[in-house]
Amino acid sequence: GFGTERLEEELKIHLPDARIGRKDWETVKGKNAPARLISSFENHELDILIGTQMGTKGLDFDNVGRVGVISADRLLHFPDFRASERAFQLLTQVSGRAGRKFKQGRVMIQAYQIGHPVIHEVVEHDFDKFYRREVIERRQFNYPPYCRLIHITLKHKKKDVVYHAADDLSKMLKARLGTRVLGPSEPGINRVRGLYLMNFLIKLERDPKFLPKAKRFIQNQIVGLQGKKGFSSLRVNLDIDPY
């Protein structure tokens, strides 16, 4: 694991004379800390700036000659149908940070799956190839723009309650919607602010006649679930087209 702190330690060993700054949630806690760090880099008071993904947002410097991305393919492993799209966007954005005025910069991408198509498409700056491949996959597995999505999150302070509620709702939804319903599944972070979470994802056809009926059905099942004994304090968040 190469976190930003570990990376800083390694760079200090190999480049002992370099002035190194680190931009992550730990080092920019103060209100003015991010601006001070960026200003130091802009004014050539730092030679190297290490950052998480937040370090790539909205930054534009004239004096960056080289950019490195560590473990780039980790971006592709999120359980999200847009993982490839976001990885392509971020890596392309990061690549644009290298280069001085009138001088070309250099970008180095480190990855374990160097054969992954997204990595190749970023290196080749092949937007068209990425788009063509991505839309084929989305059509094949029925993801936007070829369907509408509804994301449902169940929340409760007791883990067994949210699990039983998710099991009941699953049976209720799948009785009519069948394989359109994905889940229930436990998110990577399964407890937030003292509440346990369970998720559903529902993929619906882009049919103006079917969609309103499906929404009403889902809403009625949620109301029915919360009316059951033991589930009155269950919280349910319903998000249509969350992406």
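Residue numbering note: each chain is counted from 1, following its sequence as written. At least 70 in pLDDT is required for a residue's local features to be given in this predicted model, at least 80 for side-chain atom pairs to be given and counted, and no such filter applies to totals for whole chains, interfaces and linings, which use all residues. To obtain the side-chain values, all non-hydrogen atoms of the structure were used and water was disregarded.

## Thoughts on the pattern of salt bridges
A pair can form between side chains of opposite charge whenever their charged atoms are brought close. Test applied: Take a side-chain nitrogen of Lys or Arg and a carboxyl oxygen of Asp or Glu: if they are within 4 Å of each other, that pair is a salt bridge. With a 1.4 Å probe rolled over the protein chains alone, any residue whose accessible area is under 20% of its type maximum counts as buried; one over 50% counts as exposed, and the rest are partly exposed. In DSSP terms, a helix is any run of H or I states spanning at least four residues, a strand is any run of E spanning at least two, and both are numbered starting from the N terminus.
Following the criterion strictly, the structure yields 14 salt bridges and no others. Notably, a salt bridge pairs Arg82 with Glu85, separated by 3.1 Å at the nearest N-O pair. The class of Arg82 is buried, set by a relative accessible area of 16%. Among the residues examined, Glu85 registers a relative accessible area of 19% and is labelled buried. Glu121 serves as the salt-bridge partner of Arg133, at 2.9 Å between the closest nitrogen and oxygen. With Arg133 in helix H5 (residues 127-141) and Glu121 in helix H4 (residues 117-123), the pair connects residues that are 12 residues apart, well separated along the chain. A relative accessible area of 18% means that Arg133 is categorised as buried. Taken together, the shared-partner salt bridges in this structure form one network comprising Arg82, Glu85, Glu134 and Arg138.

## Some points on the packing of helix H3 (residues 83-95) against H5
Quick note on the threshold: Only the contacting stretch of a helix is used when fitting its axis, a line to C-alpha atoms as for every element, and angles between N-to-C directions run 0 to 180 degrees. In this scheme, roughly parallel covers angles under 35 degrees and roughly antiparallel covers those over 145, while 65 to 115 is roughly perpendicular and the rest are oblique. In this scheme the crossing of two helices becomes right-handed for a clockwise turn of the near helix relative to the far one and left-handed for an anticlockwise turn of less than a right angle. The contact criterion used throughout is that any non-hydrogen atoms of two residues lie within 4.5 Å. For this classification, Asp, Glu, Lys and Arg are treated as charged, while Ala, Val, Leu, Ile, Met, Phe, Trp, Tyr, Cys and Pro are nonpolar and the rest, including Gly, are polar.
Where H3 meets H5, the axes come as close as 11 Å, and the angle between the chain directions of the two elements is 165°. As judged from the angle between their axes, H3 and H5 are roughly antiparallel. Considering how the two elements wind past one another, H3 and H5 form a crossing that is left-handed. Contacts between H3 and H5 involve Ser84, Glu85, Phe88 and Thr92 from the first element and Phe127, Phe130, Glu134 and Arg138 from the second. Here the residues of the contact of H3 with H5 sort into 3 nonpolar, 2 polar and 3 charged.

## Some words on the nonpolar core
Rules: We call a set of buried Ala, Val, Leu, Ile, Met, Phe, Trp, Tyr and Cys residues a nonpolar core when their side-chain atoms join them within 4.5 Å.
The biggest cluster of nonpolar side chains holds 26 residues, and the ones touching the most others in it are Ile152, Leu154, Leu173, Phe200, Ile202, Ile218 and Leu234. Where this core is concerned, the elements lending two or more residues are strand E7 (148-156), helix H6 (159-177), strand E10 (195-204) and helix H7 (210-226). Not counting residues within four places of it along the chain, the set of residues in contact with Leu154 comprises Val162, Ala165, Ala166, Leu169, Tyr196, Leu197, Met198, Phe200, Leu234, Arg235 and Val236. By size, the runner-up hydrophobic cluster in this structure holds 19 residues, among which are Phe41, Leu46, Val69 and Val122.

## Describing the confidence of the model for the protein chain
We apply this condition: Known as pLDDT, the predictor's confidence for each residue is given on a scale from 0 to 100.
In the predicted model, the protein chain carries a mean pLDDT of 89, and 91% of its residues have values of at least 70. At the level of individual helices and strands, the protein chain shows its lowest average pLDDT in strand E5 (residues 99-100), which scores 56, and its highest in H6, which scores 97.

## Some remarks on the packing of aromatic side chains
Rule in force here: Classification of ring pairs uses Phe, Tyr and Trp, with its six-membered ring standing for Trp, and accepts pairs whose centres are within 6.5 Å; under 30 degrees between planes counts as stacked, over 60 as edge-to-face, and the remaining range as tilted.
Applying the stated criterion across every chain, the model contains 3 aromatic pairs. Ring centres of Phe81 and Tyr143 lie 4.9 Å apart, and the angle between their planes is 10°; on these two criteria the pair is classed as stacked. Of the two residues, Phe81 is situated in the loop between strand E4 (66-69) and H3 and Tyr143 in the loop between H5 and E7; the sequence distance between them amounts to 62 residues. Its relative accessible area of 15% is what places Phe81 among the buried residues. Accessibility expressed as a relative area gives 18% for Tyr143, which makes it buried. Considering the side-chain rings of Phe88 and Phe127, the 5.5 Å spacing of their centres and the 80° angle between planes classify their relative orientation as edge-to-face. You can see Phe88 sitting in helix H3 and its partner Phe127 sitting in helix H5, a full 39 residues away along the chain.

## Concerning a positive patch on the surface
The test is simple: Patch building starts from residues that exceed 30% relative accessible area and form no salt bridge, then joins like charges within 9 Å and nonpolar side chains (Val, Leu, Ile, Met, Phe, Trp, Tyr) within 5 Å. Where accessible areas are quoted, they stem from the Shrake-Rupley method and a 1.4 Å probe; at the residue level, only the protein chains shown are allowed to cover. Positive charges come from Lys and Arg alone, negative charges from Asp and Glu alone, with His and the N- and C-terminal ends not counted. Here the site of a charge means atom NZ of a Lys, CZ of an Arg, CG of an Asp or CD of a Glu.
A cluster of basic residues, Arg176, Lys209, Lys213 and Arg216, forms a positive patch on the protein surface. Looking at the element boundaries, Lys209 is found in the loop between E10 and H7.

## Thoughts on unusual backbone geometry
A cis amide bond links Pro144 with the next residue in sequence, Pro145, at an omega value of 15°. Cis rather than trans, the peptide bond between Gly183 and Pro184 has omega equal to 10°. Turning to its location among the elements, Pro184 is positioned in strand E8 (residues 181-185). The residue Asn142 is not glycine, and still its phi comes out positive at about 60°. Mapping Asn142 onto the fold places it in the loop between H5 and E7. Residues other than glycine seldom take positive phi values, yet Arg193 does so here, at roughly 50°.

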